[in-house]
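Here's the letter readout for the chains.
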Amino acid sequence: MVKVILQIYPVIPAADEEERIRLRPIGRNVERYQQTLEGWTDIVRAADELGLWGVATIEHHFWSEGYEVGPSPGILNGYWAAITRNVRVGQLGYVMSTQDPIRVAEETAILDHLTKGRCFVGFARGYQSRWTNVIGQHLGTRATRSPSAAQSDPSLIGGGVGSAAIDERIIKDDEINRRIFEEAVEIVLRAWTQDSIEYDGEFWKIPYPYETGVDDWPLGLVGVTGRLGAPGEVDERGHVRRVSVVPAPYTKPHPPVFLASSGSPETIEYAGRKGFVPVYFTSLARAEQAGHLYVQAAQEAGRNYALGQNQAIVRWLEIGETTEEAIQCLDRYDSEIFKNFYAAMGRRRLSDPSDIVRSMIDTGLYSFGTVDEVKDQLVQHWRKMPAEYIVLIFHYAQMPKERVIYNLEKFMTHVKPALDELVAEAY
């Protein structure tokens, strides 16, 4: 069966751009954020009742404009766990090029316990410079726009392509970001699965200082840690040479791991080697290409997946009673965000500046129309690449909660069963 994940940022709502200006910075508007949280709770409960596999949010900071106000996914996950019974809670995801990996390992292990295994963990590399550069400064992180992803997807803007000097910086920043990211993820995996860890990396030393260990830990010096701590945690002098990250996750060996991808081959191959679930924030055609690459990379690492298995496709969804109604809803709930966020950041192209909805459709990221039209479109693709997961994104609360729940009900009732059949046949 297809596993459906609901992803919400959220967007702090405004009637129009003029109201967003009047309420600036709307991202700090207490009343609007409270209203957004209250409706979000209703949506999460509805997702639980409708039988979705998971609910997720993001990690993004400093969104004064109100388009992605989601700085603390773990806190929200803990709350959602308390108000639901079956749906899994998670993030897509922690930006590991800026995070303390030990704190992430601890936080997600506790979430896994709070949910008794109804938890999943998402990782991302960080593409938003305003906050990635600030919060990741102590590691030397800069936001990245994967050059290989931009070159292979015409709907993405490369962010300076054409200037040799800028291109060189983009490539360098991407390489550094990736090294920081992969090192942090490796530490999380070790912290989850080993009783004690040590790590001599480029960006992290565990313990610190690594060469001598921690030589002034009182419980080590008097023998308590040597008797009661993890084996090998201290040496014969009582110096800390390894650390034990507690608690261990509830799920063995650890919760499912998802990895956000804009289509870069490096990220997809990395996910395949690790057995992570790649989340394709791409057109359906690009997702199919990525799927073949993922299967090949996984197979080379000794992991055997069918095409689509252990992989997730992202869709921005809008179902209407008619095609015209769906297009009107795209305009009403999504066009401002596409123009002022995705296109303004250089993440997507305005193929037609006079017709924002047309530009949105041209990206290939949106599934819209009547429920039968959406079903036919997705069935056609699932016949080529039957993904195990689908991530549905809604620009709540710019889109009202009632509209989000309506879309979820239509999808779960009329679209998902057709996709389930194709997945069941594929693997």
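Residues numbered from 1 in each chain as written. Predicted model: local features only at pLDDT ≥ 70, side-chain atom pairs only at ≥ 80, totals over all residues. Heavy atoms only, no water.

Below, the discussion takes up the overall build of the protein chain. The secondary structure content of the protein chain amounts to 16 helices and twelve strands. Relative to the 2.2 N^0.38 estimate, which gives 22 Å for 427 residues, the radius of gyration of the protein chain is 22 Å and therefore close to what a compact globule would have. Oriented by its inertia axes, the alpha-carbon framework of the protein chain measures out at about 75 × 50 × 50 Å. Looking at the protein chain as a whole, 56% of its 427 residues qualify as buried. Within the protein chain, contacts between residues separated by at least 24 positions form 72% of all contacts whose residues are at least 6 apart in sequence. For the protein chain, the distance from the average position of its 45 positive side-chain charges to the average position of its 58 negative side-chain charges is 2 Å. (Helix = DSSP H or I, 4+ residues; strand = E, 2+ residues; numbered from the N terminus. Rg over C-alpha atoms; globule rule 2.2 N^0.38 Å. Buried < 20%, exposed > 50% of the residue type's maximum accessible area, 1.4 Å probe, protein only. Contact = heavy atoms within 4.5 Å. Lys, Arg positive; Asp, Glu negative; His and termini not counted. Charge placed at Lys NZ, Arg CZ, Asp CG, Glu CD.)

A pair of packed helices can be characterised by two numbers: the angle between their axes and the separation between those axes. At their nearest, the axes of helix α11 (residues 284-300) and helix α15 (residues 371-384) sit 10 Å apart, and the two run at 20° to each other. The orientation of α11 with respect to α15, classified from their angle, is roughly parallel. Crossing handedness for the pair α11 and α15: right-handed. Of the residues in α15, those in contact with Leu-284, Ala-285 and Glu-288 of α11 are Leu-378, His-381 and Lys-384. (Axes fitted to C-alpha atoms, helices over the stretch in contact; angles between N-to-C directions. Parallel < 35°, antiparallel > 145°, perpendicular 65-115°, else oblique. Left-handed = near helix turned anticlockwise from the far one by under 90°.)

What follows is about the packing of aromatic side chains. Evaluation of the coordinates by the stated rule reveals 16 aromatic pairs. Relative to Trp-192, the ring of Phe-123 has its centre 6.4 Å away and its plane inclined at 20°; by these criteria the two rings are stacked. With Phe-123 in strand β5 (residues 121-124) and Trp-192 in helix α7 (residues 164-193), this pair connects stretches of sequence that are 69 residues apart. Through pairs of rings, three or more aromatic residues link up here, namely Trp-63, Tyr-67, Trp-316, Phe-338, Phe-341, Tyr-342 and Tyr-366. Residue placement shows Arg-332 over the ring face of Tyr-333; its charged tip is 5.5 Å from the ring centre. (Phe/Tyr/Trp six-rings, centres within 6.5 Å; stacked < 30°, edge-to-face > 60°. Lys NZ or Arg CZ within 6 Å of the ring centre and 35° of its normal.)

For Glu-175, the location among the structural elements is in helix α7. What makes Glu-175 partly exposed here is its relative accessible area of 45%. Residues Glu-175 and Ala-418 lie 243 residues apart in sequence; the distance between their C-alpha atoms is 41 Å.

The nonpolar side chains of a soluble globular protein tend to be buried, and buried together. One finds Leu-6, Met-96, Phe-123, Leu-378, Trp-382 and Phe-411 to be the most contacted residues of the largest nonpolar core, which totals 77 residues. For this core, the element with the most residues is helix α16 (residues 401-426), which contributes ten residues. Contact partners of Phe-411, with chain neighbours within four places excluded, come to Val-4, Leu-317, Ile-319, Leu-378, Ile-390, Leu-392, Lys-416, Pro-417 and Leu-419. Ranked by size, the runner-up nonpolar core spans 37 residues in total, among them Met-345, Ile-356, Met-360 and Val-391. (Core = buried A, V, L, I, M, F, W, Y, C linked by side-chain atoms within 4.5 Å.)

This paragraph deals with the confidence of the model for the protein chain. Averaged over all residues, the pLDDT of the protein chain equals 94, while 95% of them reach at least 70. Taken together, the stretch residues 157-163 has pLDDT below 50 and engages in 16 contacts with residues farther than four places along the chain or on a different chain. (pLDDT = per-residue confidence, 0-100.)

The topology assignment puts Lys-205 in strand β7 (residues 205-206). Here Lys-205 falls in the partly exposed class, since its relative accessible area comes to 32%. When the C-alpha positions of Lys-205 and Tyr-389 are compared, they lie 36 Å apart, and in sequence the two are 184 residues distant. The residues touching Lys-205, leaving out its near neighbours within four places in the chain, are Tyr-199, Asp-200 and Tyr-210. Here the side chain of Lys-205 touches Asp-200 through a polar contact of 2.7 Å, side chain to side chain. Within polar-contact distance, the side chain of Lys-205 engages the backbone oxygen of Gly-201 at 2.8 Å. (Polar contact = N/O pair within 3.5 Å; in protein donor to acceptor, adjacent residues only side chain to side chain.)

Cis geometry marks the peptide bond from Tyr-9 to Pro-10, where omega comes out at 5°. Note the cis peptide between Leu-92 and Gly-93, where omega equals -15°. Note on placement: Gly-93 falls in the loop between β3 (88-91) and β4 (94-95). In this model, Phe-62 sits at a positive phi of 70°, which is unusual for a non-glycine residue. The topology assignment puts Phe-62 in the loop between β2 (54-57) and α3 (73-83). With a phi close to 60°, Asn-310 is a non-glycine residue in the positive phi region. Take Asn-310: its relative accessible area is 12%, and that puts it in the buried class.

Between its first and last C-alpha atoms α15 spans 20 Å; for 14 residues at 1.5 Å apiece the expected length is 20 Å, and the two agree. Within the sequence span of α15, burial applies to Val-371, Val-374, Leu-378, Val-379, His-381 and Trp-382. Elements that come into contact with the buried residues of α15 comprise α11, β10 (312-319), β11 (366-369), β12 (389-394) and α16. (Expected span 1.5 Å × (residues − 1).)

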